[in-house]
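# Inside the fold
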Amino acid sequence: MTTTTPAAGGAAEAAPAAAPCERGATVWLTGLPSAGKTTLALALAERLRTEGHRVEVLDGDEIREFLSKGLGFTREDRHTNVTRIGFVAEKLAANGVKVLAPVIAPYADSRAAVRERHDARGTEFLEIHVATPVELCAERDVKGLYAKQAAGQLAGLTGVDDPYEAPAAPELRLQTQGRQVAESAAELHAFLTERGLA
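### Some remarks on the pairing of strand S1 (residues 25-30)
Within S1, 6 of the 6 residues are buried, which leaves it mostly tucked inside the rest of the structure. Both faces of S1 are covered, namely the face carrying Ala-25, Val-27 and Leu-29 and the face carrying Thr-26, Trp-28 and Thr-30. Where S1 and strand S3 (residues 98-102) come together, 5 bridges link them in parallel fashion. Counterpart to Leu-29 in the pairing with S3 is Pro-102. As paired elements, S1 and strand S4 (residues 125-130) share 5 bridges and run parallel to each other. By the bridge assignment for S4, Trp-28 is matched with Glu-127.

See below:
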């Protein structure tokens, strides 16, 4: 009969890392209107769910309708909206959910506040810049916002007549020009796999 000798010092072995399906994280997709953030998030969410992950998509438009109803588009209101989404995202991610947040979040300090909240609680936060040029966004114009702005019917359009502060050092910068959604979603999935999240 053999016996196992404990390691020197009696140190316990480190607990194994959580399986990718069990690890929560917030994946924040920032970019201009019509950059493809929501389309990309939905494509990625579908793939992750088929792999057994718990996924929630916090769409910016839906949040404004239900959680941030009544907020306008001043800098202060935009900041409040972003930090509210960040609060919900962190709560979900801390409980093993992959949170995909396709939210413009135009100001760097707002995104930094969300990151700081995650960091303070030991919850993973990944900033993904969906770096679609404004000219291509205006061509896509999914919601007709660029056309309204050009016609003088809309003011304060992010990236046109209101600021968009692109991330200086995101975890990933996705160049979507000339690519299919599936290609961009595959790149993001590969990135999450490298991080042990997929």
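### Section: the packing of helix H1 (residues 37-50) against helix H7 (residues 181-194)
Viewed as axis vectors pointing N to C, H1 and H7 meet at an angle of 60°, and their least axial separation amounts to 9 Å. By the angle class used here, H1 and H7 are oblique. Two packed elements cross with a definite hand, and for H1 against H7 that hand is right-handed. Seen from H1, the contacting residues are Thr-39, Leu-40, Ala-43, Leu-44, Arg-47 and Leu-48; seen from H7, they are Val-181, Ser-184, Ala-185, Ala-186, Leu-188, His-189 and Leu-192. When its residues are assigned to classes, the contact of H1 with H7 shows 9 nonpolar, 3 polar and 1 charged.

### As for the confidence of the model for the protein
Overall, the prediction assigns the protein a mean pLDDT of 92, with 91% of residues at 70 or greater. Per-residue pLDDT stays below 50 along residues 1-12; that stretch engages in 0 contacts with residues further than four places along the chain or on separate chains.

### With respect to the packing of aromatic side chains
Counted according to the given criterion, the structure contains 1 aromatic pair. Seen in terms of ring centroids, Trp-28 and Phe-125 are 6.3 Å apart; in terms of plane orientation they differ by 45°. Their pairing is tilted. Linking Trp-28 in strand S1 with Phe-125 in strand S4, this pair joins segments that are 97 residues apart in sequence. In this structure Trp-28 comes out as buried when scored by relative accessible area, which is 1%. Positioned over the ring face of Phe-73 is Arg-64, at 4.0 Å from the centre of the ring. Over the face of the ring belonging to Tyr-107 we find Arg-75, whose NZ or CZ atom lies 3.9 Å from the ring centre.

### What to know about helix H4 (residues 108-120)
The end-to-end C-alpha distance of H4 is 18 Å, a good match for the 18 Å that 13 residues give at a rise of 1.5 Å each. Within the sequence span of H4, burial applies to Ser-110, Arg-111, Val-114 and His-118. Each buried residue of H4 sits inside an arc of 100° when the element is viewed along its axis, so together they form one side. Counted as exposed and oriented over 90 degrees from the buried face of H4: Glu-116, Asp-119 and Ala-120. Contacts made by the buried residues of H4 are with S1, helix H3 (75-93) and S4. A positive backbone phi angle near 70° is found at Gly-122, which sits one or two residues after H4.

Conventions we followed
Residues numbered from 1 in each chain as written. Predicted model: local features only at pLDDT ≥ 70, side-chain atom pairs only at ≥ 80, totals over all residues. Heavy atoms only, no water. Buried < 20%, exposed > 50% of the residue type's maximum accessible area, 1.4 Å probe, protein only. Helix = DSSP H or I, 4+ residues; strand = E, 2+ residues; numbered from the N terminus. Pairing = 2+ DSSP bridges. Axes fitted to C-alpha atoms, helices over the stretch in contact; angles between N-to-C directions. Parallel < 35°, antiparallel > 145°, perpendicular 65-115°, else oblique. Left-handed = near helix turned anticlockwise from the far one by under 90°. Contact = heavy atoms within 4.5 Å. Nonpolar A, V, L, I, M, F, W, Y, C, P; charged D, E, K, R; others polar. pLDDT = per-residue confidence, 0-100. Phe/Tyr/Trp six-rings, centres within 6.5 Å; stacked < 30°, edge-to-face > 60°. Lys NZ or Arg CZ within 6 Å of the ring centre and 35° of its normal. Expected span 1.5 Å × (residues − 1). Arc of directions from axis to C-beta.

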